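Notes for the structure review
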Amino acid sequence: YKEAVADYEAILKDYPTSLMVPEAQFRLGYLHFILGEYDKSLGYLKKILGPPASAEIQELAASMIPQVLAGKASQENDPKKQEAAYNQAIREYDNFLKKYPNSDQAETANYGRALALYQIGKYGEAATALRANLQKYAGSESILDSQYLLALVLATEGAQTLQKTPGAADGVAK
């Protein structure tokens with residue numbers, strides 16, 4: 001990946017007015033995300049949220065930004081900062097879904113939003129988002145991911161309920 005980063009950076013340096021610059025910036029944002037270099041990734045992606053980037057590149061960048069923020073949040077060691085970072089990612093997922101409700105990336109964004117909600121313990125909201133995915137994208141190849149995460153959310157929520165109320169399991173059908 002680092003060699004690809006160097007090649008794309010060379011494009012930006014050697015051809016700063018090329019029509020390929022927004023594409024190179026998107027690729028750099030993606031590569032830095034894969035490398036775990038979240039701030040660099042965000043820097044490149046934010047540059048292509050408007051013209052001269054094409055509408056397609058702008059949409060892809062907007063879909064990547066919350067994923068990068070969630071990745072960055074996952075690396076935060078301070079619980080309060082981590083929660084704030086996940087909340088920022090959730091806001092960006094919401095912004096993306098509001099601006100691009102019919103995007104090919106909407107299912108992925110809704111899933112990512114649900115995962116971020118799960119990470120900060122907002123299980124009810126996560127379950128609602130995942131149920132929406134299951135209903136809206138029932139024929140999707142990735143629907144199993146939503147089903148699995150929903151099961152995990154519900155199991156985690158149930159386990160926490162049992163920890164808080166030890167006798168709660170007595171009312172559960174066997």
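Residues numbered from 1 in each chain as written. Predicted model: local features only at pLDDT ≥ 70, side-chain atom pairs only at ≥ 80, totals over all residues. Heavy atoms only, no water.

1. Digging into the packing of aromatic side chains
If you walk through the whole model with that rule in mind, you get three aromatic pairs. Their ring planes at 55° and their centres at 5.7 Å tell us that Tyr 118 and Tyr 123 sit as a pair that is tilted. Considered together, Tyr 118 and Tyr 123 belong to a single accessibility category, that of buried residues. (Phe/Tyr/Trp six-rings, centres within 6.5 Å; stacked < 30°, edge-to-face > 60°. Buried < 20%, exposed > 50% of the residue type's maximum accessible area, 1.4 Å probe, protein only.)

2. Some points on the side chain of Asn 87
As for its placement among the helices and strands, Asn 87 is situated in helix H5 (residues 79-99). For Asn 87, the residues in contact, after removing those within four places along its chain, are Ile 120 and Lys 122. (Helix = DSSP H or I, 4+ residues; strand = E, 2+ residues; numbered from the N terminus. Contact = heavy atoms within 4.5 Å.)

3. Comments concerning helix H2 (residues 21-34)
With 14 residues, H2 should reach 20 Å at 1.5 Å per residue; the first-to-last C-alpha distance of 20 Å fits that figure. Considered for burial, the residues of H2 that qualify are Val 21, Pro 22, Ala 24, Gln 25, Phe 26, Leu 28, Gly 29, Leu 31 and His 32. Residues of H2 that are buried in the fold lie against helix H1 (2-14), helix H3 (38-47) and helix H4 (55-74). Immediately downstream of H2, the backbone of Gly 36 shows phi near 80°, a positive value. (Expected span 1.5 Å × (residues − 1).)

4. Observations regarding the layout of surface pockets
Taken as a whole, the largest pocket holds about 180 Å³ of empty space. Looking at the lining of the largest pocket, the elements that each hand over two or more residues are H4, H5 and helix H6 (106-119). Take the lining of the largest pocket: its biggest share by element is six residues, from H6. In terms of residue class, the lining of the largest pocket is built from six nonpolar, six polar and no charged. (1 Å grid on protein atoms, 1.4 Å probe; cavity = no way out; pocket = protein on both sides within 12 Å on 5 of 7 lines; lining within 4 Å. Points joined across faces, edges and corners; volume = space filled by probe spheres on them. Nonpolar A, V, L, I, M, F, W, Y, C, P; charged D, E, K, R; others polar.)

5. Notes on the pattern of salt bridges
Where side chains of opposite charge bring their charged atoms close, a pairing between them can arise. Counting across every chain of the model gives four salt bridges. Across the pair Lys 2 and Glu 37 runs a salt bridge, and its minimum N-O distance is 3.7 Å. Within this pair, whereas Lys 2 is found in helix H1, its partner Glu 37 is found in the loop between H2 and H3, the two being separated by 35 residues in sequence. Between Asp 94 and Arg 113 there is a salt bridge; the shortest N-O distance is 2.4 Å. With Asp 94 in helix H5 and Arg 113 in helix H6, this residue pair connects regions lying 19 residues apart in the sequence. The class of Asp 94 is partly exposed, set by a relative accessible area of 32%. (Salt bridge = Lys/Arg side-chain N within 4 Å of Asp/Glu carboxyl O.)

6. Quick look at the confidence of the model for the chain
When pLDDT is averaged across the chain, the result is 93; 95% of the residues are at 70 or more. Ranking the elements of the chain by mean pLDDT puts helix H8 (residues 143-164) last, at 93, and H3 first, at 98. (pLDDT = per-residue confidence, 0-100.)

7. Thoughts on the packing of H6 against helix H7 (residues 123-136)
Where H6 contacts H7, the two axes come as close as 8 Å, and the packing angle between them is 160°. Between H6 and H7, the interaxial angle falls into the category roughly antiparallel. Of the two possible hands of crossing, H6 and H7 adopt the one that is left-handed. Of the residues in H7, those touching H6 at Glu 107, Asn 110, Tyr 111, Arg 113, Ala 114, Leu 117 and Tyr 118 are Tyr 123, Glu 125, Ala 126, Ala 129, Leu 130, Ala 132 and Asn 133. Tallied by class, the residues present in the contact of H6 with H7 amount to nine nonpolar, two polar and three charged. (Axes fitted to C-alpha atoms, helices over the stretch in contact; angles between N-to-C directions. Parallel < 35°, antiparallel > 145°, perpendicular 65-115°, else oblique. Left-handed = near helix turned anticlockwise from the far one by under 90°.)

8. Observations regarding the nonpolar core
Formed by 40 residues in total, the largest nonpolar core has its most connected members in Leu 45, Ile 48 and Val 153. Of all the secondary structure elements, the ones that give two or more residues to this core are H3, H4, H5, H6, H7 and H8. Ignoring anything within four residues of it in the chain, the contact list for Ile 48 reads Pro 22, Gln 25, Phe 26, Ala 53, Ile 57, Gln 58 and Ala 61. Core analysis: the second largest hydrophobic core is formed by seven residues, Val 5, Leu 12, Val 21 and Leu 28 among them. (Core = buried A, V, L, I, M, F, W, Y, C linked by side-chain atoms within 4.5 Å.)

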